[in-house]
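What the coordinates show
Letter by letter, the chains look like this.
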Amino acid sequence: MHSHNRERRSLLLTALATGACLATKSVLAEEQPGSDERPQKGDRLVVSEGEHEGEVIKSSDLQLGGPPLRAWPKDPKTSVVRNGSRLNEILVLKLEPSELDEATQSHAVEGIVAYSAICSHAACPVSEWVKAEQGDKTVLKCPCHNSEYDPRQNAQVVFGPAPRRLAALPLTVADGTLVVAGSFVGKVGAQSGG
């Protein structure tokens with residue numbers, strides 16, 4: 001029992017540290033006009049974390065079958081990265097086009113899909129790419145309450161308490177780079193009022 005509590009405490013501290021980091025980023029980003037606007041048609045996608053942070057994502061940067069890249073939309077005219085709201089963070093993933101259902105294909109390009117990185121249950125970050133609780137597919141998972149989403153089926157909930165799928169972001173490719181083709185399809189984040 002003690003190791004479970006220790007693990008839980010460690011997870012909580014990590015979540016708090018992540019929240020503090022996100023809050024700091026948001027405060028810094030507010031100085032940039034347009035940084036908290038939702039993704040716009042024509043925005044380029046840039047890597048949101050790690051050694052390649054801020055680099056434009058090319059379709060060739062994505063590995064077939066995952067893992068997903070975390071990304072922000074970036075206005076190509078003003079060069080403003082829309083990282084002023086964590087609701088703008090996106091998961092970008094390249095899958096076998098033949099595995100995608102019709103709804104998913106409608107917003108995908110070359111098997112590449114983009115979904116909101118915010119869980120529809122309690123607005124935690126969807127951060128894991130793991131084998132599904134049921135079946136043998138790899139799925140997007142939120143570690144807060146174990147909600148799982150199948151990116152091949154329009155990010156439908158396949159396990160856990162999430163009330164609805166992740167919002168999808170339609171994509172296109174221009175000169176090898178990923179470009180936003182329209183607004184989010186579906187509601188981003190958690191239900192208001194719980």
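Note that the structure is a prediction, hence the values are computed from the model and not measured.

1. Focus: the overall build of the protein chain
When helices and strands are tallied, the protein chain shows 2 helices and 10 strands. Listing each helix as α and each strand as β along the protein chain from the N terminus yields α-β-β-β-α-β-β-β-β-β-β-β. The burial tally for the protein chain puts 41% of its 194 residues in the buried class. Restricting the contact set of the protein chain to residue pairs at least 6 apart, pairs at least 24 apart contribute 54%. Surface accessibility of the protein chain: about 10,200 Å² in total, with carbon and sulfur atoms responsible for 51%.

2. Considerations on the state of the cysteines
In protein structure, a disulfide is the covalent linkage between the sulfur atoms of two cysteines. In the structure shown here, the tally under the stated rule is 1 disulfide. The thiol of C119 is unpaired, and the distance to the nearest cysteine sulfur, on C142, comes to 3.9 Å.

3. Considering the nonpolar core
Buried together is how nonpolar side chains tend to be arranged in soluble globular proteins. Core analysis: the biggest nonpolar cluster contains 19 residues, and V113, Y115, V126, L140, Y149 and L166 have the highest contact counts within it. Those elements giving two or more residues to this core turn out to be strand 3 (90-94) and strand 4 (112-116). In terms of nonpolar packing, the next biggest core, distinct from the first, is built from 17 residues, L62, A71, I112 and L171 among them.

4. Some points on the confidence of the model for the protein chain
Mean pLDDT over the protein chain works out to 86, with 82% of the residues at or above the 70 mark. Segment residues 23-30: pLDDT under 50, and 7 contacts once partners within four positions in sequence are set aside and those in other chains are kept.

5. Things to note about the environment of C119
Secondary-structure assignment places C119 in the loop between strand 4 and strand 5 (128-131). A relative accessible area of 2% means that C119 is categorised as buried. For the pair C119 and L87, spaced 32 residues apart in sequence, the C-alpha to C-alpha distance is 9.9 Å. Among all residues touching C119, those that are not within four sequence positions of it are C124, V126, C142, S147, Y149, A162, L166, G189 and A190.

6. Things to note about the side chain of R82
Residue placement: R82 occurs in the loop between strand 2 (69-74) and strand 3. Among the residues examined, R82 registers a relative accessible area of 3% and is labelled buried. Leaving out residues up to four positions away in the same chain, R82 has contacts with G34, S35, E37, R38, P39, Q40, D43, W72, P73, D75 and N88.

Reading guide: rules and limits
Residues numbered from 1 in each chain as written. Predicted model: local features only at pLDDT ≥ 70, side-chain atom pairs only at ≥ 80, totals over all residues. Heavy atoms only, no water. Helix = DSSP H or I, 4+ residues; strand = E, 2+ residues; numbered from the N terminus. Buried < 20%, exposed > 50% of the residue type's maximum accessible area, 1.4 Å probe, protein only. Contact = heavy atoms within 4.5 Å. Areas by Shrake-Rupley, 256 points an atom, 1.4 Å probe, with all protein chains shown as cover. Disulfide = S-S within 2.5 Å. Core = buried A, V, L, I, M, F, W, Y, C linked by side-chain atoms within 4.5 Å. pLDDT = per-residue confidence, 0-100.

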